[in-house]
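Secondary and tertiary structure notes
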Amino acid sequence: MSTGLEKVCQQMADYLNSRGVPAVTAWPMTPRREQEAVVAAVSLRGCKVEPAGLQNYLGERFDGETGRWEERYGRRARIALGLDLYAPEKGDGAALQAAFDALAQALLLGEPEGLAVEEFSCGQTARDGESRRLKRPVEAVCTAWLSAANDAGGGFTDFELRGVAKV
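Summary of the structure given here. Along every chain, residues carry numbers that run from 1 in the direction the sequence is written. At least 70 in pLDDT is required for a residue's local features to be given in this predicted model, at least 80 for side-chain atom pairs to be given and counted, and no such filter applies to totals for whole chains, interfaces and linings, which use all residues. Only hydrogens and water are set aside; all other atoms, that is, all heavy atoms of the structure, feed into the side-chain values.

1. Observations concerning the overall build of the protein chain
- When helices and strands are tallied, the protein chain shows two helices and nine strands.
- Secondary structure elements are taken from DSSP: a helix is a run of H or I of four residues or more, a strand is a run of E of two residues or more, and numbering for both begins at the N terminus. Secondary structure elements of the protein chain, listed N to C terminal, follow the sequence α-β-β-β-β-α-β-β-β-β-β.
- Relative to its 167 residues, the protein chain shows a buried fraction of 40%.
- Sequence separation of at least 24 residues holds for 63% of the intrachain contacts in the protein chain that already meet a minimum separation of 6.
- Each accessible area value is a Shrake-Rupley result obtained with a 1.4 Å probe; residue values ignore everything except the protein chains displayed when judging cover. Surface summary for the protein chain: the accessible area is close to 10,000 Å², and the carbon and sulfur share equals 51%. Under the scheme applied here, a residue whose accessible area is under 20% of the maximum for its type counts as buried, over 50% as exposed, and between as partly exposed, the area being computed with a 1.4 Å probe on protein chains only. Pairs of residues are marked as contacts when any of their non-hydrogen atoms sit within 4.5 Å.

2. Describing the environment of A140
- The topology assignment puts A140 in strand β8 (residues 138–150).
- Separated by 58 residues in the primary sequence, A140 and G82 place their C-alpha atoms 6.6 Å from one another.
- The residues touching A140, leaving out its near neighbours within four places in the chain, are I79, A80, L81, L83, L107, E119 and F120.

3. Describing the pattern of salt bridges
- Criterion for a salt bridge: a side-chain nitrogen of Lys or Arg within 4 Å of a carboxyl oxygen of Asp or Glu. By the definition in use, this model includes eight salt bridges.
- Residue R78 pairs with E118 through a salt bridge whose shortest N-O separation is 2.6 Å. Residue R78 is found in strand β4 (residues 68–88), and its partner E118 is found in strand β5 (residues 116–122); the two are separated by 40 residues along the sequence.
- We classify R78 as partly exposed; its relative accessible area is 26%.

4. Here's the deal with the nonpolar core
- Put simply, a nonpolar core is a bunch of buried Ala, Val, Leu, Ile, Met, Phe, Trp, Tyr and Cys residues held in one set by side-chain atoms that sit within 4.5 Å of each other. With 31 residues, the main nonpolar core has M12, L16, L81, L83, L85 and L107 as its most contacted residues.
- Elements with a minimum of two residues in this core: α1 (8–18), β2 (39–51), β4, α2 (94–108) and β8.
- With sequence-adjacent residues up to four places away left out, M12 is seen in contact with V42, L81, L83, L107, P112, L115 and C142.

Here you go:
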């Protein structure tokens, strides 16, 4: 069964790429080629899951595919994502700053579906000796709902990432 968290990093990377910020997941399953431009490496730094409602009950929803009402259960998750920016070492940092500005714009003026950006911060640019690149640590803390339906047999279907309920 899925927990709904395994796709969060890829979802953030896809969102950033769609907004013109080159992004990859930090530890991909397949080898990737060396980047010559600035890139954001998306990683999961932390996650705190909290209860929501009585026994995590969120209410009922009509499923148009089955034509039946289903009970929804879920939890609120606070997810810390690393969005560290890496740039070629030979540059002066201007490209890194431009990438950070684009990243900030993408997260402050919008957000990936299902993730509400609550906090956004960055550290100082420094030379990363391991990768021989310039690195600026960036972190975004997001809130999401992990939601699952109760099927007819009383078991849960896979959890999925949902947006934050607007009040």
